[in-house]
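Below, each chain spelled out in residue letters.
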Amino acid sequence: MDLYDDMNFYSSPDKFVVEPNGQEKCDVLVIDRITQTISVEIHKPDEFVHVSPHRRICGILGTIKLLAGHYLIVATHRVFVGVINGQAIWRLAGFEIYPYIPSSGHLSEIQKTQNDSYLYMIRRTLSTPNYYFSYTYDITHTLQRLNGMPPEFLNTALLERADTRFVWNGFLMREFRRPECRKFSLPVILGFVSINQVNVNGNSFTWSLITRRSIHRAGTRLFCRGIDQDGNVANFVETEQIIEYLGDKVSFVQTRGSIPIYWRQTPNLRYKPPPEIIPDMDHMTAFAKHMDSQLLHYGRQVLINLIDHRGAEDTLEKAYANAVALLGNTAVRYEAFDFHAECRKMRWDRLNILIDRLAHEQDEFAVFHLRRDGTLLSSQDGVFRTNCVDCLDRTNVVQSMLAKRSLAQTLTRLGILQRGQAIENCYALEMLFMNVWADNADLISTQYSGTGALKTDFTRTGKRTKMGLVKDGINSITRYYKNNFTDGMRQDGIDLLLGNYVIQDGEGVSIPSPLNSQRGWKYLTFPSVLMFAVAMFFASSVFPQEYNTENLLFLLFWGAMVGVSTAGIFKYGKEFVDWPKLLPPFKVDA
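So, how was this worked out
- Residues numbered from 1 in each chain as written.
- Predicted model: local features only at pLDDT ≥ 70, side-chain atom pairs only at ≥ 80, totals over all residues.
- Heavy atoms only, no water.
- Pairing = 2+ DSSP bridges.
- Helix = DSSP H or I, 4+ residues; strand = E, 2+ residues; numbered from the N terminus.
- Axes fitted to C-alpha atoms, helices over the stretch in contact; angles between N-to-C directions.
- Polar contact = N/O pair within 3.5 Å; in protein donor to acceptor, adjacent residues only side chain to side chain.
- Contact = heavy atoms within 4.5 Å.
- Core = buried A, V, L, I, M, F, W, Y, C linked by side-chain atoms within 4.5 Å.
- Buried < 20%, exposed > 50% of the residue type's maximum accessible area, 1.4 Å probe, protein only.
- Patch = residues over 30% accessible without salt bridge, like charges linked within 9 Å, V, L, I, M, F, W, Y side chains within 5 Å.
- Areas by Shrake-Rupley, 256 points an atom, 1.4 Å probe, with all protein chains shown as cover.
- Salt bridge = Lys/Arg side-chain N within 4 Å of Asp/Glu carboxyl O.
- Parallel < 35°, antiparallel > 145°, perpendicular 65-115°, else oblique.
- Nonpolar A, V, L, I, M, F, W, Y, C, P; charged D, E, K, R; others polar.

Asks: Before we move on, can you summarise the sheet that holds strand β4 (residues 38–43) with the specific residues and values?
Replies: Across the sheet, five strands lie side by side as β4-β3-β2-β1-β5; this open sheet has antiparallel pairing. Only two strands of the sheet have a single neighbouring strand rather than two, namely β4 and β5 (54–57). Across the sheet, the mean angle separating the axes of adjacent strands is 25 degrees when strand polarity is ignored. Taken together, the four bridges between strand β1 (residues 7–11) and β5 define a ladder with antiparallel strand orientation.

Asks: Any details on the side chain of Asn-483? Residues and values, ideally.
Replies: The residue Asn-483 is located in helix α12 (residues 466–485) in this model. A polar side-chain atom of Asn-483 sits 3.2 Å from the main-chain carbonyl oxygen of Ser-449. Excluding residues within four positions of it along the chain, Asn-483 makes contact with Arg-221, Leu-222, Phe-223, Pro-267 and Ser-449.

Asks: Provide a residue-level description of the nonpolar core, including the pertinent values.
Replies: Phe-205, Trp-207 and Leu-351 are the most contacted members of the largest nonpolar core, which totals 69 residues. Considering each element in turn, this core owes the most residues, seven residues, to helix α9 (residues 393–413). Beyond its immediate stretch of four places on either side in the chain, Trp-207 contacts Ser-194, Ile-195, Asn-196, Val-198, Gln-241, Ile-242, Ile-243, Leu-407, Leu-432, Phe-433, Val-436 and Trp-437.

Asks: Residues and numbers for a nonpolar patch on the surface, please.
Replies: Taken together, the side chains of Phe-537, Phe-538, Val-542 and Phe-543 define a hydrophobic patch exposed on the protein surface, amounting to about 450 Å² of accessible area. Relative to the assigned elements, Val-542 resides in helix α14 (residues 521–542). Since its relative accessible area comes to 56%, Val-542 is described here as exposed.

Asks: Break down the packing of helix α5 (residues 283–298) against helix α6 (residues 312–327) for me, with residues and values.
Replies: Packing of α5 against α6 brings their axes to within 10 Å, and their N-to-C directions diverge by 75 degrees. Considering the angle they form, α5 stands roughly perpendicular to α6. Along its contact with α5, which presents Met-284, Phe-287, Ala-288 and Met-291, the element α6 presents Tyr-320, Ala-323, Val-324, Leu-326 and Leu-327. Residue composition of the contact of α5 with α6, by class: nine nonpolar, no polar and no charged.

Here it is in structure tokens:
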């Protein structure tokens, strides 16, 4: 069932009206701003032209309740991405938030400030690049899942049939999950979509990459690690590579996700806080739930673990390997590869060692291949689940290499590549492939860590370069700042958008507001002492016309104060981190 893709939006003091554009008689969505009721009525065209203001919109994203009341969120701008399976895919390029109650006079001044903070969180989260949608195609499912659905399921509304794991406005759309609202309910995914027309050896085909981020255990880099009691892992991502050629459709799917045990990496102002396994948790029950879910959705599993086999990461590696061994499931295999040790001194060609180890299973897993006449030639019955610590940088490099091997095999099977011809022999295709996978890395990394990915110089060029190392250094410093000083509010915005935190009636009046959390005395004392000590140190070193014992003692004293206050800040580093306020994580001692 197709959705309305072009609508007029009207607003009056007592209602919102959404009218599909260019139709004689149509269903019109009416939202009562006083009672919050939603209804669909049949009206004649131009019946609401006297109601103002009027604007064109391209979708309804849902509603959310904040301190001031309910808000309606609509999509106002979109960018055409391309066509998959004959259906148009769009990227969200603009949105607007309309309050049901236009005045905030019923709020106290403190509540007004807090409501503005909640609005900022929602706007910031919806401004995260990139959200995607389609009015006619279910982009939450892979081609293989869509092909396996019964006809009656395919005739239902997109929101009803969507894979809830990947619908980022699912909570916002809860009031629209009713039959009469089907054509107005627009599900969106967060991730990456690239659709490209390619010509190789005179053969034109479409090569697409779709990455879907899960809403479960979603969050920011250092505040969201490991697994939860339901078996959901942080930063779980499904990536599908699609080739369409003369009616044939081929799909290859991979997944990534945090190491599926209970662990954390608590931000504390250190450049790289050590990961640690959380004690006294039932790791195996959660791990088994995660594996059951993965086997149900994807079939056999090869778990590729790219973390270090020494230092702080080694504890995680051993725990992960032990969990797989205790599970004892023959459909799950563990493949450990110490990425940094194997590829040290920029020997990235050694990644082929890993790909060679996986080649047999990749061939066994096969791909989903649907012929133009509807014949199913093959199905993919297993996936590679890849992880490093963040599931961003090392992970994307390996996933791109597996996707490249699959692409070469598929193009050869379809007769696009000649026997023995490699993708490296087709310069334009190789450059496109590497840049798209690097863009995929950057977008997923930005959504999770706040910066572009590391090691993308190898993905883009096939080589590790010195300029790439410089760029990685800049991104690492930026990550350090954001993960310690800005990610708390970003995590709050995600929890608010996904409904992990729901604002209650009376918050800030009869119920304490989580936004009122207070900092300890160290938060102001140590930075104030540091700033004053730095100022006095420079004053003592610059202004004296001549240096004597007294001046040198002043320099020594204020230099010592700089050192002591700096040491204090790092000793109590957790006090200075921007922690989430809505669902604060457990803070462990330093």
